[in-house]
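A closer look at the structure
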Amino acid sequence: MVDARAPIAVWRSVRALPDFWRLLELRAVSQFGDGLFQAGLAGAILFNPERAAGPWAIAASFAVLFLPYSVIGPFAGALLDRWDRRLVLVGANSGRVVLVFAVAGMLAAGAGDVPVLLAALIVNGFTRFVSSGLSAALPDVVPAEQVVSMNSVATATGAAAAFLGANTMLPARWLFGADDSGAAAIILVVSVPVLVALLLSVRFPPHILGPHESKRAINGSVAYAVATGWAHGVRTVAAVPAVAATLSGLAAHRMVLGINTLLVLVMVRHSDTQAVAGLGTAVLFVAATGTGSFLATVATPALVRRWGRYGAANGALALAVLIQLGGAGLQLPVMVLCGFLLGAAGQVVKLCADSAMQLDVDDALRGHVFTVQDSLFWVSFVAAIAVAAFIIPPDGYVPGLVVAGALVYVAGLVVHASVGRRAGTP
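Here's the deal with the overall build of the protein chain
Per the secondary structure count, the protein chain includes 14 helices and zero strands. Shown N-terminal to C-terminal, the secondary structure of the protein chain runs as helices and strands in the order α-α-α-α-α-α-α-α-α-α-α-α-α-α. Of all intrachain contacts in the protein chain linking residues separated by at least 6 positions in sequence, the fraction that spans at least 24 positions is 87%. Carbon together with sulfur atoms contributes 72% to the accessible area of the protein chain, which is approximately 16,800 Å² in total.

Right, here's the structure in full:
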């Protein structure tokens, strides 16, 4: 039986932490803008009557948007462990504002996909910087015993905000139109939440978000810290088995999500009503996945208390194998349901990974590790889409890809279970 007083207790806990409350406000506004930007861009590139997109075009769009930053992120992530994270957030949000205007201008001028995607790539780079900075800063404003529960609150808030932002695109698309001009207007609206995020970033006192002095801080110049960012991040992940275990499970989940996302997008693009119903189905799939993630975020603290981080992540990955196999018929309604359930399972693994990084990694190296996670998050996703694009036919009907996704989950479960057991993960 659910305790009706639990939400009130959580609310009081959050309000008792004023700096965390400010961080929560910033996360909500930032991820609302990110959700609107991503959905607006998807509508502009993939569901625009003035443009066309097949499997390879979809894969290329994801690769251009997410892969380059994912490769350089851990180098730049060193800055999160060297510079005042407040200043990093201010700078990243300032860059987002400028680039959002640029993307809107390009769409209004009818620029080709490549320049639009390259500009959007830089926007996403700044956005990833903000999200990694917010996650790395959370333990600096929350007592250690509340990190797991407050991380769930932060993740749930961000997921809900991104979901609302993405769905705001639909009425905006109806209002402004589905062509390049309408897409430009939608992207222009994104500047509003990004500007608010910039103002909220400025509001933090200096140095309150870390990083703080530590014996494990990376010495040397900023250039040295940035140049060795990958090495320090990967080395830290390898040295903390609890982090390595959960990141392996998270990588498996992101690969399967990439496969399923491409299947759904190609199937709805192939339908006769793709310009209308197709976009709605694609948004419904993303919304279902996000809703599952949100509900799992609420439930994960209780699951971790009951079974521990190791047991909760193992159980989520095992269930994901069965859920993925249930979608082998490639019926869109079933795929949407599987998206909901897999979103929940994947979020349990994601929160266990976040908790491991926040609790088991020194503050001086936490930014490095979070950017490694962020890179792994998107490299796994894009790599799976690229491989699937080699195989998938124009109509998207390849049941074998769904089965392959289940095998990927099995591999993630095996690695997580073995590495986590050796680590004695709680």
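More follows now that the structure is in view.
Here's the deal with the packing of aromatic side chains
Any pair of aromatic rings gets described here by the distance separating the centres and the angle formed by the planes. Taken as a whole, this structure holds two aromatic pairs when the rule is applied. Where Phe377 meets Trp378, the ring centres are 5.5 Å apart and the plane angle is 80°; that geometry is what we call edge-to-face. The pair formed by Phe377 and Trp378 is uniform in burial state, with each residue classed as buried. Judged by centre distance (5.6 Å) and plane angle (90°), the ring pair of Trp378 and Phe381 falls under edge-to-face. Residue Trp378 and its partner Phe381 are both found in helix 13 (residues 363-391); the two are separated by three residues, about one turn of the helix. Owing to a relative accessible area of 5%, Phe381 belongs among the buried residues under this scheme. Against the face of Trp21 rests Arg15, its NZ or CZ located 4.3 Å from the ring centre.

What about a nonpolar patch on the surface?
A contiguous nonpolar surface patch, about 630 Å² in accessible area, is contributed by Leu319, Leu322, Leu325, Val403, Leu407, Val410 and Val414. For the nonpolar patch, the secondary structure elements donating two or more residues are helix 11 (274-326) and helix 14 (399-423). With four residues, the single largest contributor to the nonpolar patch is helix 14. Note that Val403 resides in helix 14.

Details of helix 4 (residues 85-108)
One full turn of an α-helix is made of 3.6 residues, so residues set three or four places apart face in the same direction. Its 24 residues give helix 4 an end-to-end C-alpha distance of 35 Å, which sits within 8% of 34 Å, the value for a rise of 1.5 Å per residue. Capping the start of helix 4 is the job of one residue whose side-chain oxygen sits 3.0 Å from the backbone nitrogen of Arg86: Asp84. Where helix 4 terminates, the next one or two residues include Gly110, which has phi positive at roughly 75°.

A look at unusual backbone geometry
Positioned with a positive phi, His207 is a non-glycine residue whose angle comes to about 70°. Within the secondary structure, His207 sits in the loop between helix 7 (180-202) and helix 8 (222-227). At Leu330, a residue that is not glycine, the phi angle is positive and equals roughly 55°. With respect to the element layout, Leu330 can be found in the loop between helix 11 and helix 12 (332-360). Since its relative accessible area comes to 5%, Leu330 is described here as buried.

Regarding the pattern of salt bridges
Oppositely charged side chains can form a pair if their charged atoms are brought close together. What the rule picks out here adds up to five salt bridges. Between Arg85 and Asp140 there is a salt bridge, with the nearest N and O atoms lying 2.9 Å from each other. Of this pair, Arg85 sits in helix 4 while Asp140 sits in helix 5 (residues 113-141), and the two are 55 residues apart along the sequence. Here Arg85 falls in the buried class, since its relative accessible area comes to 0%. Note on Asp140: relative accessible area 21%, which makes it partly exposed. Here Asp360 makes a salt bridge to Arg309, at a shortest N to O gap of 3.2 Å. With a gap of 51 residues between them, Asp360 in helix 12 and Arg309 in helix 11 connect regions that are remote in the sequence. Overall, Asp360 belongs to the partly exposed group, its relative accessible area being 32%.

Things to note about the nonpolar core
Ranked by size, the top nonpolar core spans 94 residues in total, and within it Phe37, Leu41, Phe62, Val103, Leu107, Val243 and Leu262 carry the most contacts. Among the elements that take part in this core, helix 10 (residues 241-270) stands out by supplying 14 residues, more than any other. The next biggest cluster of nonpolar side chains, apart from the first, holds 26 residues, and it includes Leu23, Leu79, Leu80 and Val142.

Topic: the side chain of His253
Inspection of the secondary structure assignment puts His253 in helix 10. Among residues more than four places away in sequence, those in contact with His253 are Leu342, Gly346 and Tyr409.

Calculation rules
- Residues numbered from 1 in each chain as written.
- Predicted model: local features only at pLDDT ≥ 70, side-chain atom pairs only at ≥ 80, totals over all residues.
- Heavy atoms only, no water.
- Helix = DSSP H or I, 4+ residues; strand = E, 2+ residues; numbered from the N terminus.
- Contact = heavy atoms within 4.5 Å.
- Areas by Shrake-Rupley, 256 points an atom, 1.4 Å probe, with all protein chains shown as cover.
- Phe/Tyr/Trp six-rings, centres within 6.5 Å; stacked < 30°, edge-to-face > 60°.
- Buried < 20%, exposed > 50% of the residue type's maximum accessible area, 1.4 Å probe, protein only.
- Lys NZ or Arg CZ within 6 Å of the ring centre and 35° of its normal.
- Patch = residues over 30% accessible without salt bridge, like charges linked within 9 Å, V, L, I, M, F, W, Y side chains within 5 Å.
- Salt bridge = Lys/Arg side-chain N within 4 Å of Asp/Glu carboxyl O.
- Expected span 1.5 Å × (residues − 1).
- Polar contact = N/O pair within 3.5 Å; in protein donor to acceptor, adjacent residues only side chain to side chain.
- Core = buried A, V, L, I, M, F, W, Y, C linked by side-chain atoms within 4.5 Å.

So far we have only geometry, and geometry alone does not tell us how the molecule works.
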